[in-house]
2 protein chains.
Amino acid sequence: MMKTYEINSLTNEKIKSWTKLHQSKYRRETGLFLAEGEHLIQEALKAGLVETLIVLKDSPIEFDVDVRVEVTPEVLHKLCQTESNSECIAVCRLWDQPASLGDRVLLLDQIQDPGNVGTIIRTAHSFGYDCVVLSENSVDLTNEKVLRASQGAIFHLPVIQREMKSAIEECRKNGLMILGTGLKHSIPLSAIPDCDNVAIILGNEGQGVRPEILHLCDAIVKIEINGFESLNVAVASGILCYRFRKP
Amino acid sequence: MMKTYEINSLTNEKIKSWTKLHQSKYRRETGLFLAEGEHLIQEALKAGLVETLIVLKDSPIEFDVDVRVEVTPEVLHKLCQTESNSECIAVCRLWDQPASLGDRVLLLDQIQDPGNVGTIIRTAHSFGYDCVVLSENSVDLTNEKVLRASQGAIFHLPVIQREMKSAIEECRKNGLMILGTGLKHSIPLSAIPDCDNVAIILGNEGQGVRPEILHLCDAIVKIEINGFESLNVAVASGILCYRFRKP
């Protein structure tokens, strides 16, 4: 049975506490986050993560949820962070940690740009990766822009935040080939043998993968580009994930 | 000899006319556009496109330009469109049209997102492409976000706006293999033979390449992904440009 109620006041305690979820600190404390817009909510529902659906009063939007809250445009506006006129937002529970990282893992070393991280998660999912790991000092994984750029893919493969060295150690124990990305002492991508068990490490656009992390890799790979140009990190993730995709 | 002068007034005629360059209509009429921030200006300078450099009064920024205008923070703020605190902006001349599109061409069919278009231009440059063509109904090529996402690559390979069918016709005359991207009647990327003369057509994220454009292609290629997912168009451009890169 769906429970439905109305909130009309901006100072309602529930609205105040949900608004705090714009801050990563509160998301971590509560294990909750906000997903905005119909498409993202649909994807979160498929993953069983939606706790409360919040919609405009008299909205025709229907989702199969336990709790539906109808609010005024002012209240919805306070909860939403994007400029677009979303008609709904959902309070969601953070997904569980996976028991294992799996056989195809993408590790992101201190990547801060939420759009890039979301796009990379979408890419990893498209090529059948088992897990995406965000290192220490990365953007928060339930950042609104990460969710949006992932187009909901973030709800369909495990994406976790974890200390990079311990994640690499687990990948090594599981017999994965650990591939860093960089220029120094690197091997061109086309010269790397095919491999079905691989952990690929991508770095922050400014600094790349940290040297102490590259030391832990089986090989450092470079994408063969023309001259001294550089690639956007999400574009690089596409080339690497495609090469080592799940058949 | 560098000519230097000061402008302190927001209502100065020059400032008013430069501010109009925020609109694509005025950029097209005048053949001028604005490049913001030190990195972009440096790249525009290398390409010989800078007409006037505008900096904050007493700024230590030095560039080898013909005309340097020093302005107040208010005037600079009026000219700049990004949120970041740029200390300089340049009025630039639009680059010339190339005599030929070349042997490796990337064609963008009605792509509107300026960040994607800029990233795709950067990617095409990194893989040695000769030209990027933006079709009718694409984002304007001197849009500020296109310039920024291209990281200046847009000044180093010809990027032009042109009717798609006439661009494809020229590519065919030049003996290029014309590859569309899509799902229907498509061939997996790994089954397409290597080729040194190629025109790749990417479509808008919502609709893909228009059917009437796909009809003109020698083959339709699909990137082998897992299930029914989709890729960000800039990520797709990376996988395709890498595959058909300049050695």
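Residues numbered from 1 in each chain as written. Chains lettered and ligands numbered in written order. Predicted model: local features only at pLDDT ≥ 70, side-chain atom pairs only at ≥ 80, totals over all residues. Heavy atoms only, no water.

1. Let's talk about the overall build of chain A
Secondary structure assignment for chain A yields nine helices and 12 strands. The C-alpha atoms of chain A give 20 Å as radius of gyration, which agrees with the globular expectation for 247 residues (18 Å, within 12%). Dimensions of chain A, computed from C-alpha atoms along their principal axes, come out at roughly 60 × 35 × 30 Å. Of all 247 residues assigned to chain A, the portion counted as buried reaches 55%. (Helix = DSSP H or I, 4+ residues; strand = E, 2+ residues; numbered from the N terminus. Rg over C-alpha atoms; globule rule 2.2 N^0.38 Å. Buried < 20%, exposed > 50% of the residue type's maximum accessible area, 1.4 Å probe, protein only.)

2. Some words on the sheet that holds strand β11 (residues 198-203) of chain B
All names here are of chain B. The strand order across the open sheet built from seven strands is β8-β7-β6-β11-β9-β12-β10, with neighbouring strands paired in parallel fashion. Strands with a single pairing partner mark the edges of an open sheet, and in this sheet they are β8 (159-161) and β10 (187-188). One ladder, built from three bridges, connects strand β9 (residues 177-181) with β11; its direction is parallel. The partner of L179 across the bridge, within β11, is I200. Sitting on the sheet, helix α5 (residues 114-126) is in contact with β6 (104-109), β7 (131-134) and β8, with an inclination near 170° to β6. (Pairing = 2+ DSSP bridges. Contact = heavy atoms within 4.5 Å. Axes fitted to C-alpha atoms, helices over the stretch in contact; angles between N-to-C directions.)

3. Describing the packing of α5 of chain B against helix α9 (residues 233-243) of chain B
Residues and elements named next belong to chain B. Put simply, α5 and α9 touch, their axes get as near as 9 Å, and they point 15° apart. When the axes of α5 and α9 are compared, the pair comes out roughly parallel. For the crossing formed where α5 meets α9, the hand is right-handed. Counted together, N116, T119, I120, T123 and A124 of α5 and V233, A234, S237, G238 and C241 of α9 form the full contact between these two elements. Taken together, the residues that form the contact of α5 with α9 break down as five nonpolar, five polar and no charged. (Parallel < 35°, antiparallel > 145°, perpendicular 65-115°, else oblique. Left-handed = near helix turned anticlockwise from the far one by under 90°. Nonpolar A, V, L, I, M, F, W, Y, C, P; charged D, E, K, R; others polar.)

4. Quick look at the interface of chain A and chain B
Contact with chain A, which involves 26 residues of that partner, is made by 26 residues of chain B. Between chain A and chain B, a total of about 2,100 Å² is buried, with carbon and sulfur atoms accounting for 53% of that surface. The salt bridge involving R245 of chain A is made with E224 of chain B; its shortest N-O contact spans 3.8 Å. Counting across the interface, chain A meets chain B through 11 residue pairs in polar contact (both at pLDDT 80 or more). Looking at the side of chain A that touches chain B, the elements with two or more residues in it are α5 (114-126) and α9 (233-243) of chain A. Looking at the side of chain A that touches chain B residue by residue, the class counts come to 10 nonpolar, 10 polar and six charged. (Buried area = accessible area lost by both parts, 1.4 Å probe. Salt bridge = Lys/Arg side-chain N within 4 Å of Asp/Glu carboxyl O. Polar contact = N/O pair within 3.5 Å; in protein donor to acceptor, adjacent residues only side chain to side chain.)

5. Here we look at the relation of the copies chain A and chain B
Superposing chain A onto chain B takes a rotation of 180° plus a shift of 0.0 Å along the axis, which leaves an RMSD of 0.0 Å. Between the two chains, the operation in question is that of a two-fold axis. Looking at chain A, 100% of its interface residues are interface residues in chain B too, so the copies touch through the same face. (Least-squares fit on C-alpha atoms with pLDDT ≥ 70 in both.)

6. So, the packing of aromatic side chains
All names here are of chain A. Throughout the structure, instances matching the rule amount to eight aromatic pairs over all chains. A ring pair is formed by F33 and F155, whose centres lie 6.0 Å apart and whose planes are at 25°; its orientation type is stacked. Pair noted here: F33 is in strand β2 (residues 32-36) and F155 is in the loop between α6 (144-150) and β8 (159-161), with a separation of 122 residues, a long-range link. Assigned by exposure class, F33 and F155 land together as buried. An aromatic cluster is defined as three or more aromatic residues linked by ring pairs; in this entry it consists of F33, W95 and F155. (Phe/Tyr/Trp six-rings, centres within 6.5 Å; stacked < 30°, edge-to-face > 60°.)

7. Comments concerning the domain arrangement of chain A
Often, the extent of an interface is quoted as the loss of accessible area upon association of its parts. Residues and elements named next belong to chain A. Domain boundaries assigned for chain A yield domain 1 (3-93) and domain 2 (104-243). A C-alpha centroid distance of 31 Å is found between domain 1 and domain 2. Taken residue by residue, the interface counts 16 residues in domain 1 and 10 residues in domain 2. Across the domain 1-domain 2 interface, the total number found is two salt bridges. With a shortest N-O distance of 2.9 Å, D140 and R27 are connected by a salt bridge. Connecting domain 1 to domain 2 are five residue pairs in polar contact (both at pLDDT 80 or more). Contributions of two or more residues to the side of domain 1 that touches domain 2 are made by α2 (24-30), β2 and α3 (38-46). Ranked by the residues each element gives to the side of domain 1 that touches domain 2, the list is headed by α3, at five residues. Among the residues making up the side of domain 1 that touches domain 2, the classes are represented as seven nonpolar, four polar and five charged. (Domains from an automatic or database assignment.)

8. Quick word on α5 of chain A
Across its 13 residues, α5 of chain A extends 18 Å between first and last C-alpha, which sits within 8% of the 18 Å expected from 1.5 Å per residue. Burial runs high along α5 of chain A: 12 of the 13 residues are buried. Within the sequence span of α5 of chain A, burial applies to P114, N116, V117, G118, T119, I120, I121, R122, T123, A124, H125 and S126 of chain A. As for α5 of chain A, its buried residues are in contact with β6 (104-109), β7 (131-134), α6, β8 and α9 of chain A together with α9 of chain B. Regarding α5 of chain A, its N-cap is D113 of chain A, as a side-chain oxygen of that residue lies 3.1 Å from the backbone nitrogen of G115 of chain A further along. (Expected span 1.5 Å × (residues − 1).)

9. What about the state of the cysteines?
Note on terminology: a disulfide is the covalent bond linking the sulfur atoms of two cysteines. All names here are of chain A. Applying the stated rule across the entire model yields zero disulfides over all chains. Unpaired in terms of disulfides, C80 finds its nearest cysteine sulfur in C88, a separation of 8.0 Å. On the basis of relative accessibility, which here comes to 1%, the residue C88 falls in the buried class. (Disulfide = S-S within 2.5 Å.)

10. Examining the environment of E144 of chain B
Residue and element names in this part refer to chain B. Structurally, the position occupied by E144 is in helix α6 (residues 144-150). For the pair formed by E144 and S24, sequence separation is 120 residues and the distance between their alpha carbons is 10.0 Å. With near-sequence residues (within four places) excluded, E144 lies in contact with E36, Q81 and T82.

11. A look at the side chain of T119 of chain A
By the secondary structure assignment, T119 of chain A is in helix α5. Residue T119 of chain A is classed as buried on the basis of its relative accessible area, which comes to 11%. Excluding anything up to four places from it in sequence, T119 of chain A contacts A149, S150 and A234 of chain A together with N232 and V235 of chain B.

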